Amino acid sequence: MLETLFHAYTPLVICTGLGLLLFQYIPVNFPKLLSHFLFWIGIPLQILVLARQSDFSGAVGFTPAIAIFVLFVSTSLAWLTWVLLRMLSAAHIKKPSFQGKNSLVNLFLLNINSLKRSSQGSFILAAMLGNTGFVGLAITPSIISSDNNNWAVLYSVTNNVIGTYGFGVFIASYFGNSEQPNHWWTQIRDVLTVPALWAFLVGFFTRNIPLPETVESGLQTAVWVVIVSALLLVGIRLRSIKKWESFELALIPSLLKVVIVPVLIGLGASYFGLSGDPRFVLVLMSGTPTALSVLILAEVYELDRDLLASSIALTSVGLLLMLPLWLAGFS
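This is a predicted model, so every value here is computed, not measured.

**Section: a nonpolar patch on the surface**
Stage number 1. On the surface, a cluster of nonpolar side chains totalling about 310 Å² of accessible area is made up of Leu18, Leu22 and Tyr25.
Stage number 2. In this structure Leu18 comes out as partly exposed when scored by relative accessible area, which is 40%.

If you want it as structure tokens, here you go:
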């Protein structure tokens, strides 16, 4: 297991750590430019390549349905948790339940009540969207057999297209831009104009069209360049966190993201007779750290950036801690 963990952690630690080190030497606008490059070119390119490689036949064809189910479970748990926190906060204001005006619990509940609508959107996105494309696909080649790699690819494609740039854009558009009138067609328009969606359609419908070997090789190399760039951006964004108080609130969606949801998915997969690499892929992909793309959505739709950055930090550390447990319990 130690060798497996070493190969899994190496790209994450090196690339993210490099981003942390380079933070003070890069231009101020570089992270924003890199974010826009990933949104408009990098992520669509990765999805196009993965869509061309995807095989929807056999048992693996159920993977997209499972990925959508995980998105639904994560969103529901996050929304219910937020509602419960708001209820506890309102009740606490009327009748304080904890001794000590400056206790951590009192301050936390008071902070919940003062949060804006944009923080609710960030809370849900932090628990819902995982970094399956950059982190998940960087880990799986060193852990699972190549025969089962299609499980990871299909899950990642579904999570990115339906999750991040479908449900994710809809939620970000709904909870963001609070000063603008909120109309349902605004969310639909935002989803339909996402470049990753069109990249998936192009890749899916050109699967049977062969490309020259040099082009295919170049696309594969480009995908790994995109993954490395995204991990660098994770390190840069982690270093730029300003409000460390946001870690208190981020702890809750982080626990949902890397502890509760993956365990539920692993137990559910075991109940339905799934085992080995396919079961581990579902657990890993459902428990990947909060997606870097949420920061891009936060910039576009004016969400709570510090909450999302804190969630990325906590879930990244959580993955390092949980991965050995997932290997022992579900691999």
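Anyway, onward from the coordinates.
**Brief notes about the packing of aromatic side chains**
Stage number 1. Under the criterion given, the structure shown has five aromatic pairs.
Stage number 2. Here the aromatic cluster, defined as three or more aromatic residues joined through ring pairs, consists of Phe200, Phe204 and Phe205.
Stage number 3. Between Arg117 and the ring centre of Tyr174, over which it is positioned, the NZ or CZ distance is 4.4 Å.

**Points about the nonpolar core**
Stage number 1. Counting residues in hydrophobic clusters, the biggest one holds 88 residues, and the most contacted among them are Leu38, Leu125, Leu129, Phe280 and Trp326.
Stage number 2. Setting aside residues up to four positions removed in sequence, Leu125 forms contacts with Gly168, Ile171, Ala172, Thr290, Val294, Leu297, Leu303 and Leu308.

**Digging into empty space enclosed by the protein**
One simple way to see leftover space: roll a probe sized like a water molecule over the atoms.
Stage number 1. According to the stated counting rule, one finds two cavities of 30 Å³ or more in the structure shown.
Stage number 2. By volume, the largest cavity amounts to about 70 Å³.
Stage number 3. Lining the largest cavity are Ile43, Gln46, Gly130, Asn131, Thr132, Gly133, Phe134, Asn160, Ala291, Leu292 and Ser293.
Stage number 4. Elements with a contribution of two residues or more to the lining of the largest cavity: helix H2 (30–53) and helix H6 (132–139).
Stage number 5. The element best represented in the lining of the largest cavity is H6, accounting for three residues.
Stage number 6. When grouped by side-chain class, the residues that make up the lining of the largest cavity number four nonpolar, seven polar and no charged.

**Considering the packing of helix H5 (residues 117–128) against helix H11 (residues 246–271)**
Stage number 1. Close contact between H5 and H11 brings their axes to 7 Å; oriented N to C, the two are set at 30°. Classed by the angle they form, the pair H5 and H11 counts as roughly parallel. As H5 packs across H11, the resulting crossing turns out to be right-handed. Contact with H5, carried on its side by Phe123, Ala126, Ala127 and Met128, involves Leu249, Ile252, Pro253, Leu256 and Lys257 of H11 and no other residues of that element.
Stage number 2. Looking at the contact of H5 with H11 residue by residue, the class counts come to eight nonpolar, no polar and one charged.

What counts, and at which threshold
Residues numbered from 1 in each chain as written. Predicted model: local features only at pLDDT ≥ 70, side-chain atom pairs only at ≥ 80, totals over all residues. Heavy atoms only, no water. Patch = residues over 30% accessible without salt bridge, like charges linked within 9 Å, V, L, I, M, F, W, Y side chains within 5 Å. Areas by Shrake-Rupley, 256 points an atom, 1.4 Å probe, with all protein chains shown as cover. Salt bridge = Lys/Arg side-chain N within 4 Å of Asp/Glu carboxyl O. Buried < 20%, exposed > 50% of the residue type's maximum accessible area, 1.4 Å probe, protein only. Phe/Tyr/Trp six-rings, centres within 6.5 Å; stacked < 30°, edge-to-face > 60°. Lys NZ or Arg CZ within 6 Å of the ring centre and 35° of its normal. Core = buried A, V, L, I, M, F, W, Y, C linked by side-chain atoms within 4.5 Å. Contact = heavy atoms within 4.5 Å. 1 Å grid on protein atoms, 1.4 Å probe; cavity = no way out; pocket = protein on both sides within 12 Å on 5 of 7 lines; lining within 4 Å. Points joined across faces, edges and corners; volume = space filled by probe spheres on them. Helix = DSSP H or I, 4+ residues; strand = E, 2+ residues; numbered from the N terminus. Nonpolar A, V, L, I, M, F, W, Y, C, P; charged D, E, K, R; others polar. Axes fitted to C-alpha atoms, helices over the stretch in contact; angles between N-to-C directions. Parallel < 35°, antiparallel > 145°, perpendicular 65-115°, else oblique. Left-handed = near helix turned anticlockwise from the far one by under 90°.

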